[in-house]
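One-letter residues, chain by chain:
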Amino acid sequence: MGAEARLRTDSPAATEELAAELGARARAGLVIALEGDLGSGKTTFVRGLARGLGSDDPVSSPTYTLMHEYLGRLPLYHFDAWMESREKAYLQEGGSVFLCGDGVAVVEWADRVADELPSPRLAIELAHVGPEQRELRLRVEGRDADLEGWVASLAARGAGPLPGAE
Ligand code: ADP
Ligand code: MG
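Since the structure is predicted, the reported quantities are computational estimates derived from the model, not experimental observations. (Residues numbered from 1 in each chain as written. Chains lettered and ligands numbered in written order. Predicted model: local features only at pLDDT ≥ 70, side-chain atom pairs only at ≥ 80, totals over all residues. Heavy atoms only, no water.)

*Asks:* Help me understand the nonpolar core in this model?
*Replies:* Looking at soluble globular proteins, one finds that nonpolar side chains tend to be buried together. Ranked by size, the top nonpolar core spans 31 residues in total, and within it Leu22, Ile32, Leu76, Leu122, Ile124 and Leu138 carry the most contacts. Sequence-distant contacts of Ile32, defined by excluding residues within four places in its chain, comprise Leu22, Leu49, Val104, Ala105, Val106, Val107, Leu122 and Ile124. Of all hydrophobic cores here, the second largest spans 15 residues; its members include Met67, Ala81, Ala105 and Ala110. (Core = buried A, V, L, I, M, F, W, Y, C linked by side-chain atoms within 4.5 Å. Buried < 20%, exposed > 50% of the residue type's maximum accessible area, 1.4 Å probe, protein only. Contact = heavy atoms within 4.5 Å.)

*Asks:* Explain the sheet that holds strand 4 (residues 75-80) here, please?
*Replies:* Within a sheet, adjacent strands bond to each other through the backbone by hydrogen bonds, running parallel or antiparallel. Strand order across the open sheet formed by seven strands is 1-7-6-2-5-4-3, with mixed pairing between neighbours. Single-partner strands in this sheet number two, and they are strand 1 (4-9) and strand 3 (68-71). This sheet shows a mean twist of 20° between the axes of neighbouring strands, independent of strand direction. For strand 4 and strand 5 (residues 104-108), the ladder comprises five bridges, and the chain directions are parallel. Of the residues in strand 5, the one forming a bridge with Leu76 is Val104. (Pairing = 2+ DSSP bridges. Helix = DSSP H or I, 4+ residues; strand = E, 2+ residues; numbered from the N terminus. Axes fitted to C-alpha atoms, helices over the stretch in contact; angles between N-to-C directions.)

*Asks:* Can you help me understand the site of ligand 1 in this one?
*Replies:* Neighbouring ligand 1 are 16 residues, the closest being Thr15, Gly39, Lys42, Thr43 and Thr44. A distance of 2.7 Å is found between an oxygen atom of ligand 1 and a side-chain nitrogen or oxygen belonging to Lys42. In the model, an oxygen atom of ligand 1 is placed 2.9 Å from a nitrogen or oxygen of the Thr43 side chain. Relative to its unbound accessible surface of 570 Å², ligand 1 loses 76% to contact with the protein. (Near = heavy atom within 4 Å. Polar contact = N/O pair within 3.5 Å; in protein donor to acceptor, adjacent residues only side chain to side chain. Areas by Shrake-Rupley, 256 points an atom, 1.4 Å probe, with all protein chains shown as cover.)

*Asks:* It is not clear to me how the pairing of strand 1 should be interpreted in this structure. Could you clarify?
*Replies:* On a regular strand, each side chain points to the face opposite its neighbour's, so the side chains alternate between the two faces of the sheet. Only one face of strand 1 is covered, namely the one carrying Ala5, Leu7 and Thr9; the face carrying Glu4, Arg6 and Arg8 has none of its residues buried. Judged from the six bridges that link them, strand 1 and strand 7 (residues 134-141) form a sheet pairing that is antiparallel. If you follow Arg6 over to strand 7, its bridge partner there is Arg137.

*Asks:* Help me understand the coordination of the magnesium ion (ligand 2) in this model?
*Replies:* Looking at the magnesium ion (ligand 2), one finds its protein donor set to be Thr43 (OG1) and Glu108 (OE), positioned 2.2 Å from the metal centre. Separated by 65 residues along the polypeptide, Thr43 in helix 2 (residues 42-52) and Glu108 in strand 5 bring together distant segments of the chain. Judged by its relative accessible area of 17%, Thr43 is buried. The buried category is assigned to Glu108, whose relative accessible area is 3%. (Donors = N, O, S within 2.8 Å, 3.2 Å for Na, K, Ca; no water.)

*Asks:* I'm lost on a nonpolar patch on the surface in this one. Help?
*Replies:* A cluster of nonpolar side chains, namely Leu38, Tyr64, Trp82 and Met83, defines an oily patch on the protein surface of about 500 Å² accessible area. Along the chain, Tyr64 falls in the loop between helix 2 and strand 3. (Patch = residues over 30% accessible without salt bridge, like charges linked within 9 Å, V, L, I, M, F, W, Y side chains within 5 Å. Salt bridge = Lys/Arg side-chain N within 4 Å of Asp/Glu carboxyl O.)

*Asks:* Sorry if this is basic, but what is going on with helix 2 here?
*Replies:* In an α-helix, one turn spans 3.6 residues; hence positions three or four apart end up facing the same way. Most of helix 2 is tucked away, with nine of its 11 residues classed as buried. Inspection of helix 2 places Lys42, Thr43, Thr44, Phe45, Val46, Gly48, Leu49, Ala50 and Gly52 among the buried residues, and these make up the whole buried set. At the C-terminal side of helix 2, Gly54 shows a positive phi close to 85°.

*Asks:* Explain the packing of aromatic side chains to me, please; I cannot follow it from the model alone.
*Replies:* To describe a pair of aromatic rings, you give the distance between the ring centres and the angle between the ring planes. Taken as a whole and judged by the stated rule, the model has three aromatic pairs. Judged by centre distance (4.8 Å) and plane angle (45°), the ring pair of Tyr77 and Phe98 falls under tilted. Highlighted residues: Tyr77 in strand 4 and Phe98 in the loop between helix 3 (84-92) and strand 5, separated in sequence by 21 residues. For Tyr77, a relative accessible area of 4% puts it in the buried group. Here Phe79 and Tyr90 contribute two aromatic rings whose centre-to-centre distance is 6.1 Å and whose plane-to-plane angle is 40°, an arrangement assigned as tilted. Linking Phe79 in strand 4 with Tyr90 in helix 3, this pair joins segments that are 11 residues apart in sequence. A residue is classified by how much of its surface remains accessible, and Phe79, at 1% relative accessible area, is buried. For Tyr90, a relative accessible area of 18% gives the class buried. (Phe/Tyr/Trp six-rings, centres within 6.5 Å; stacked < 30°, edge-to-face > 60°.)

These values are about where atoms sit, not about what they do.
See the structure below:
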C-alpha cells in the first residue's frame, strides 16, 4: 500500500501552490492522474504544475486537442480524457510514448483511461467542498519511494488549509 494524503485548499492559488511544489520536485517519467468533476480544479492544478516546472507557457485544457506540451525544466505533457474513446485511441496508437518519457505527464479525467496509464503514478482526486474550497486526495499507485515520501510529508501537515500563493 502506497502513501495517501487528504488536503483542503481554500483558493485556486492554494491549489496551484501545492501543484507547483510537486512540479519543483518532479522527475522525468512522473505520471499524474487527475480525477474529479468539471470545475473541481484539475486544469488549475496543471497550471501550478507547469509553473513549478519553470514553464511560462499558458495552460489550458486540451479538451478538443489530443495533448498540450509546455516547456520548462522538463517538458510537461497535458492530456484530457473528457472525450474518452478518442483519448484512449490516441494513447493506444502511440500517444503513450509521452507517459514515462523524458518529461512529466498529467492526465485530466484519468479514471476514463486508467487502463492505459502506467504505474507507479500519482493519483489525485479533487472534489468541491465550497465555492473556493476543494479537497484533494492524493495516493501513490505502485511503488515510488520519492513520491511516497512527499505524499507522507503532506499527510503529516494535516488536513488544514495550505497557505495560498503570495
Ligand atoms: P477542471 O479542469 O477540473 O474542470 P478548472 O481548474 O478548469 O477545473 O476550474 C476550476 C474552477 O474553480 C476555476 O474557475 C477556479 O478558479 C475555481 N476554484 C475555486 N476554488 C478553487 C480551489 N480551491 N482550487 C482550484 N480551483 C478553484
Ligand atoms: Mg479541465
